[in-house]
Amino acid sequence: MPSGPAQLAELRSDLQSSDRHRRAIAAIQLGQLGDRRSVDELRVLACDSDDLVAIAAMYGCWQLGVDTVAIDRMVAALSSDDEELVQESVFALCGMGEPVVPKLTGLLIEQPALADEILRVLADIGGAMSWQTINDFETDDADLMDIIQELLEEWDDEDSQP
Amino acid sequence: MTTQGALQQLSSVLAGKASSSSKAAMIIMLEPKLPDAAIAVLDAALDGAEPILRVAIMDVYFEMTGDDYHKEDLERILVQAGGGGDASEEVYMAARLALGRISRSTEDALNEWGDSGIEIAAMVTGRRAAPPLSRDSITVMIHGTWASDGKWWRPRGDFFEYAKKDLMRTDLYGEGDQFRWSGKNRDSKRREAGASLDQWLRSHPAAEINVFAHSHGANVAMLATHNDTRIDRLVMLSPPVRKDYFAKWKNVGDAFNIQADFDPVVAIARGGQWFKRREVKEKKLKANGHSASHDPEVWRDESVAKFVGIPW
């Protein structure tokens with residue numbers, strides 16, 4: 001990954017690229033490199049109409065400590081037909097890790113239609129808080145109960161089950 | 001043993017504490033000696049029996065009566081067991097054998113069971129064919145993270161059909177028990193999947209093994225080589241490259257790494273794009289995006305088949 005001043009300048013310039021993948025990569029890498037000079041541009045891109053770019057920018061913002069990321073858009077993308085978008089969202093949410101679990105738990109209540117995806121991504125994130133959230137989740141939906149059962153049964157020891 | 005003695009033994013086997021697998025083997029051995037009265041005993045034992053025992057009872061019932069009454073139940077068990085796992089493998093093979101004895105038309109099977117019908121239809125041609133037969137070659141497609149429900153890698157999916165027809169991979173495996181893994185985004189699940197692929201390849205023996213694997217599916221394929229399973233050609237499509245997943249290279253013939261020019265998914269997965277090892281031939285595509293490497297149009301436009309040396 002580039003990291004010198006010239007490379008950072010190139011990445012900042014890539015945020016304006018006409019190629020969506022190039023914009024997305026630049027947003028991700030500027031976040032990973034901790035380039036705080038890009039915060040304002042990343043905030044703008046996080047509202048982009050293109051999900052691929054917006055999710056990359058949200059991830060970049062999160063890496064820079066911006067805690068106002070609207071992860072509901074990431075979670076909604078988990079059920080997309082676009083495999084690339086699904087995978088980008090999974091890796092972004094898992095990359096954010098345990099700090100994002102309270103936001104996901106909140107979304108479980110606000111958007112029960114996305115419960116399947118949220119529970120599965122919580123299982124992928126792992127950790128005691130995720131386990132507790134999955135274990136405590138109550139539903140009348142038999143399919144969802146099956147998913148919960150499966151997630152808890154498959155929980156690894158290394159996943160910090162309490 | 002008299003027929004009456006066989007009937008008594010049947011009753012005691014069914015009531016005993018042996019495992020369902022043992023019971024299944026024993027009632028099949030008893031079958032030639034069983035009187036007609038055994039049919040009612042077998043029928044009563046069907047309820048609540050585990051799948052392996054159910055299959056054996058249905059098999060014996062057909063042998064004794066010539067009646068294909070349980071045919072659809074056997075097909076259902078076969079399809080359900082096709083998902084994998086140690087226990088289901090045993091049931092799957094037993095159901096295959098039993099169904100091989102009950103003929104039905106290929107067309108009916110395909111209409112009724114779709115892809116799994118191909119498996120059932122294959123059984124129509126032979127009675128008690130010895131599974132699994134070793135093939136000359138097999139080509140396997142493996143999906144990536146959260147993509148086990150995806151289409152591109154399965155029969156009728158775009159890349160699957162492209163590989164089969166345009167790349168002439170007639171050995172591409174697309175039957176009901178096609179390899180799949182959980183797709184979960186966890187290191188432990190990828191390692192489990194590597195072990196599972198190793199087992200799957202051993203249960204589908206072939207003289208030559210070729211693999212197309214996307215994203216973390218490529219890491220699953222590399223992990224499968226850690227236990228001395230050999231992959232003759234490994235075509236990795238946009239893998240997040242991580243040293244801890246590297247193959248046991250002596251077990252890989254030709255390895256290829258196809259990467260998009262700009263791939264945000266690999267970047268966000270914190271994987272590298274390049275192996276930079278002499279064992280792996282690498283190609284950077286002009287196309288961008290994580291799915292470009294399994295896009296038939298990209299393969300055509302950028303001569304990817306030529307790069308991986310197809311025709312093999």
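Located above this text is the structure these notes cover.
As the structure is a computational prediction, the values presented were derived from the model and not from experiment. Sequence positions are assigned chain by chain, starting from 1 and proceeding in written order. Written order decides the labels, with chains lettered from A and ligands numbered from 1. Predicted model: local features are reported for residues with pLDDT of at least 70 only, side-chain atom pairs are reported and counted for 80 or more only, and whole-chain, interface and lining totals are derived from all residues. Side-chain numbers here rest on the full set of heavy atoms in the structure, without hydrogens or water.

Participant: Explain the interface of chain A and chain B here, please?
Facilitator: By a widespread convention, an interface's size corresponds to the accessible area lost as its parts come together. Taken together, the contacts link 33 residues of chain A with 27 residues of chain B. Here the quantity called buried area is the total loss of accessible area, with a 1.4 Å probe, experienced by two parts when brought into contact, counted for both. Counting each side, the surface lost to burial between chain A and chain B is near 2600 Å², with a carbon and sulfur contribution of 56%. Interface area lost by chain A to chain B is led by A:Glu83, A:Phe91 and A:Asp124, which between them contribute 27%. Every case where a carboxyl oxygen of Asp or Glu lies within 4 Å of a side-chain nitrogen of Lys or Arg is listed as a salt bridge. The interface formed by chain A and chain B includes one salt bridge. The residue B:Lys184 makes a salt bridge to A:Glu154 at a minimum N-O spacing of 2.4 Å. Note on conventions: DSSP H or I runs of at least 4 residues are helices, E runs of at least 2 residues are strands, and numbering of each starts at the N terminus. Secondary-structure elements contributing two or more residues to the side of chain A that touches chain B are helix H2 (20-32), helix H4 (51-63), helix H6 (83-96), helix H8 (115-125) and helix H10 (142-153) of chain A. Lys, Arg, Asp and Glu make up the charged group, whereas Ala, Val, Leu, Ile, Met, Phe, Trp, Tyr, Cys and Pro make up the nonpolar group; the residues left over, Gly among them, are polar. A per-class count over the side of chain A that touches chain B returns 15 nonpolar, five polar and 13 charged. Any two residues having at least one pair of non-hydrogen atoms within 4.5 Å are treated as being in contact.

Participant: Can you help me understand helix H1 (residues 3-15) of chain B in this one?
Facilitator: Every α-helix carries 3.6 residues per turn, so stepping three or four residues along brings you back to the same face. Residue and element names in this part refer to chain B. In this analysis, the expected span of each helix is defined as 1.5 Å times one less than the number of residues it contains. The terminal C-alpha atoms of H1 lie 18 Å apart, and with 13 residues this matches the ideal 18 Å at 1.5 Å per residue to within 8%. We call a residue buried when its accessible area falls under 20% of the maximum for its residue type, exposed when it is over 50%, and partly exposed in between, using a 1.4 Å probe and counting protein chains only. What H1 keeps buried is the set Ala-6, Leu-7, Leu-10, Val-13 and Leu-14. For H1, the arc enclosing every buried residue in end-on projection is 125°, short of the 170-degree limit, so these residues lie on one face. Residues of H1 that are exposed and point over 90 degrees away from its buried face: Gln-8 and Ala-15. The directions considered for the arc are those from the helix axis to the C-beta atoms.

Participant: Whenever I open this one, the sheet that holds strand S2 (residues 206-214) of chain B confuses me. Can you help?
Facilitator: Note on sheets: strands pair through backbone hydrogen bonds, and any given pair is parallel or antiparallel. All names here are of chain B. Pairing is parallel across the open sheet formed by five strands, whose spatial order is S1-S2-S3-S4-S5. Because the sheet does not close on itself, it has two edges, and the strands there are strand S1 (135-142) and strand S5 (280-284). Going across the sheet, the axis of each strand differs from the next one's by a mean of 10°, ignoring polarity. Strands are treated as partners if at least two bridges between them are detected by DSSP. Where strand S4 (residues 252-259) and S5 come together, five bridges link them in parallel fashion. The partner of Phe-256 across the bridge, within S5, is Lys-281. In the packing of helix H11 (residues 216-224) onto the sheet, contacts are made with S1, S2 and strand S3 (231-237), and the angle to S2 comes to roughly 150°. Note on geometry: axes are C-alpha line fits, over the in-contact stretch for helices, and angles between N-to-C directions span 0 to 180 degrees.

Participant: Looking at this structure, I do not really get the pattern of salt bridges. What am I missing?
Facilitator: Opposite charge on two side chains permits pairing when their charged atoms draw close. Counted by the stated rule, this structure contains 25 salt bridges over all chains. Of the charged contacts in the structure, one is a salt bridge between A:Asp51 and A:Arg73, with a shortest N-O distance of 2.8 Å. One end of the pair, A:Asp51, is in helix H4; the other, A:Arg73, is in helix H5 (residues 71-77), with 22 residues separating them in the sequence. According to the relative accessible area criterion, A:Asp51 is partly exposed, its value standing at 28%. A single salt-bridge network, built from bridges that share partners, covers B:Asp187, B:Arg191, B:Arg242 and B:Asp244.

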